[in-house]
Amino acid sequence: MKAPISSTMCPLCGASALETINETGLICSECSYIVTGPRKVPDDREKEHSASNSSPTSETTNEAWQDQVSVRDSSDAVLVEMIATAEEFVRTLRGDSDDCIKTAEILAEAWQSRYFQGRSISVGIAAVIYVSFRRQGVPRPLGVVAETCEISEQELRTGYRALRTDYNVQSEITPPASYLPFLRSQLGLDEATEKRAKELLSSETEVTGSPTSIASACIYLAAKEQGQSVTLAQTGAACGVSKETVWKKTQGITN
C-alpha cells in the first residue's frame, strides 16, 4: 500500500512530503533524508551543515562515528522494507521467487544510485517492478502495474523514464506475444487459447498500436473462438486498458 504522508517537516531541506517506511520511520520524499526511526538519525549532510559551529573533540568524533553507523543501519532498514513491499506487489502480479530476486537486485542498484532521492518511494518501486518484468521477457501491462502499486499511469511512466535515462537501466522492446502468458493467467484461460492468440498475432502484421492492446484483442478473439466465457471488460481489466480499446483492436483484426 502507498505509504501515508506525514505533516512533519524534514529538518534538512524543510520539505513536508514525508513517507512512512518500516512502520515507525519517516523518510523525506525530496532529499531521501531519514527523519525518524528507532532514534534520531542525522546524516552526513546534516553534520556538514553544523560542523562549522563546533570544534572537533574525541567525544564528538565518537558521536559522529556512531551517527554514521546509525545512518547506514537505518538506510539498510529502509531498503529491506522497500524490497519486502516490492515482493508483495510482484506476487500480486503473479511473479515467482526468481522474479522477486531480480526485482530486489534492480531495487538495490537504484537505491545505491540515489534514484529515490526526490522521488516518491511508491513510484520508484513501481518503476523497478515494471522494468524487472520487461527485462526478463515476461512484461506486465503498465496500467496493471500502476493499479497494483496504487499510483497513476502517468506517475509510472515518469518514474520509468527516469530509471531508464538517468540510471542506465535498460529493457528490451516487448512484442505483443510476450504479454499473452500473463493475460491467459489473469483471465483463467487454457494453453490452447494462448496458442490460438499467438497464431492471430503472427498473421496480423498490419495492426498497429500498443503491444498490450493488440495482445488483449487477440486473446479475446481466441477465447471466443474456443468458446471461453470472457467479456471485453474482463479482458481490458486484465491488460490495463479500456473495453473500448479492446473492441477497436478486435475490429481492426477481424476486418
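Residues numbered from 1 in each chain as written. Predicted model: local features only at pLDDT ≥ 70, side-chain atom pairs only at ≥ 80, totals over all residues. Heavy atoms only, no water.

*Asks:* A description of the overall build of the protein should follow, citing residues and the corresponding values.
*Replies:* Broken down by element type, the protein carries 11 helices and 4 strands. For the protein, the proportion of contacts with a sequence separation of at least 24, taken over those separated by at least 6, is 60%. Summed over all atoms, the accessible surface of the protein reaches about 13,200 Å², with 49% contributed by carbon and sulfur. (Helix = DSSP H or I, 4+ residues; strand = E, 2+ residues; numbered from the N terminus. Contact = heavy atoms within 4.5 Å. Areas by Shrake-Rupley, 256 points an atom, 1.4 Å probe, with all protein chains shown as cover.)

*Asks:* Run through the packing of aromatic side chains, naming residues and quoting values.
*Replies:* Under the definition given, this model contains 3 aromatic pairs. With 6.0 Å between their ring centres and 50° between their planes, Trp-111 and Phe-116 make a pair best called tilted. The buried category is assigned to Trp-111, whose relative accessible area is 16%. Judged by centre distance (5.0 Å) and plane angle (90°), the rings of Tyr-130 and Tyr-160 are edge-to-face. Highlighted residues: Tyr-130 in helix 4 (residues 121-135) and Tyr-160 in helix 6 (residues 153-165), separated in sequence by 30 residues. Aromatic rings pair up to connect Trp-111, Tyr-115 and Phe-116 into one cluster. Above the face of the Phe-133 ring, Arg-140 is positioned so that its terminal group lies 4.2 Å from the ring centre. (Phe/Tyr/Trp six-rings, centres within 6.5 Å; stacked < 30°, edge-to-face > 60°. Buried < 20%, exposed > 50% of the residue type's maximum accessible area, 1.4 Å probe, protein only. Lys NZ or Arg CZ within 6 Å of the ring centre and 35° of its normal.)

*Asks:* Before we move on, can you summarise the confidence of the model for the protein with the specific residues and values?
*Replies:* Of the residues in the protein, 73% reach a pLDDT of 70 or more, and the chain-wide mean stands at 80. When mean pLDDT is compared element by element in the protein, helix 5 (residues 142-148) scores highest at 96, while strand 1 (residues 5-6) scores lowest at 44. A low-confidence stretch, residues 1-6 stays under pLDDT 50, and its non-local contacts, those more than four residues away or across chains, total 18 contacts. Contacts of residues 37-56 to residues separated by more than four positions or lying in other chains number 31 contacts, the stretch itself having pLDDT below 50. (pLDDT = per-residue confidence, 0-100.)

*Asks:* How would you sum up the pattern of salt bridges? Please name residues and give values.
*Replies:* All chains considered together, the criterion is met by 6 salt bridges. Linking Arg-184 and Glu-194 is a salt bridge whose minimum nitrogen-to-oxygen distance equals 2.5 Å. Here the residue Arg-184 occupies a position in helix 7 (residues 180-187), and Glu-194 occupies one in helix 8 (residues 191-203), the gap between them amounting to 10 residues. Here Glu-194 falls in the buried class, since its relative accessible area comes to 9%. For the salt bridge of Glu-225 with Arg-196, the shortest nitrogen-to-oxygen distance reads 2.6 Å. Taken together, the positions of Glu-225 in helix 9 (residues 211-225) and Arg-196 in helix 8 put the pair 29 residues apart, joining distant regions of the chain. Taking relative accessible area as the criterion, Glu-225 reaches 48% and is therefore assigned partly exposed. (Salt bridge = Lys/Arg side-chain N within 4 Å of Asp/Glu carboxyl O.)

*Asks:* I'd like a rundown of the nonpolar core, residues and numbers included.
*Replies:* With 61 residues, the main nonpolar core has Met-82, Leu-107, Phe-116, Ile-125, Ile-129, Leu-156 and Leu-183 as its most contacted residues. Top contributing element to this core by residue count: helix 4, with 10 residues. Every residue in contact with Leu-183, bar those within four places of it in the chain, is listed here: Ala-215, Ser-216, Ile-219, Ala-238 and Cys-239. Judged by nonpolar contacts, the second largest core, of 5 residues, contains Cys-10, Ala-15, Leu-18 and Cys-28. (Core = buried A, V, L, I, M, F, W, Y, C linked by side-chain atoms within 4.5 Å.)

*Asks:* Which residues make up unusual backbone geometry, and what values go with them?
*Replies:* Of note in the backbone geometry, Arg-114 takes a positive phi value of approximately 65° without being a glycine. By the secondary structure assignment, Arg-114 is in the loop between helix 3 (97-112) and helix 4. Overall, Arg-114 belongs to the partly exposed group, its relative accessible area being 43%. For Glu-150, which is not a glycine, the phi torsion comes out positive at approximately 60°. Turning to its location among the elements, Glu-150 is positioned in the loop between helix 5 and helix 6.

*Asks:* Account for helix 7, naming residues and giving values.
*Replies:* Of the residues making up helix 7, those classed as buried are Leu-180, Phe-182, Leu-183 and Leu-187. Projected down its long axis, helix 7 shows its buried positions confined to an angular sector of 160°, all on one face. Residues of helix 7 that are buried in the fold lie against helix 5, helix 8, helix 9 and helix 10 (232-239). Just downstream of helix 7, Gly-188 is the residue with a positive phi angle, here 70°. (Arc of directions from axis to C-beta.)

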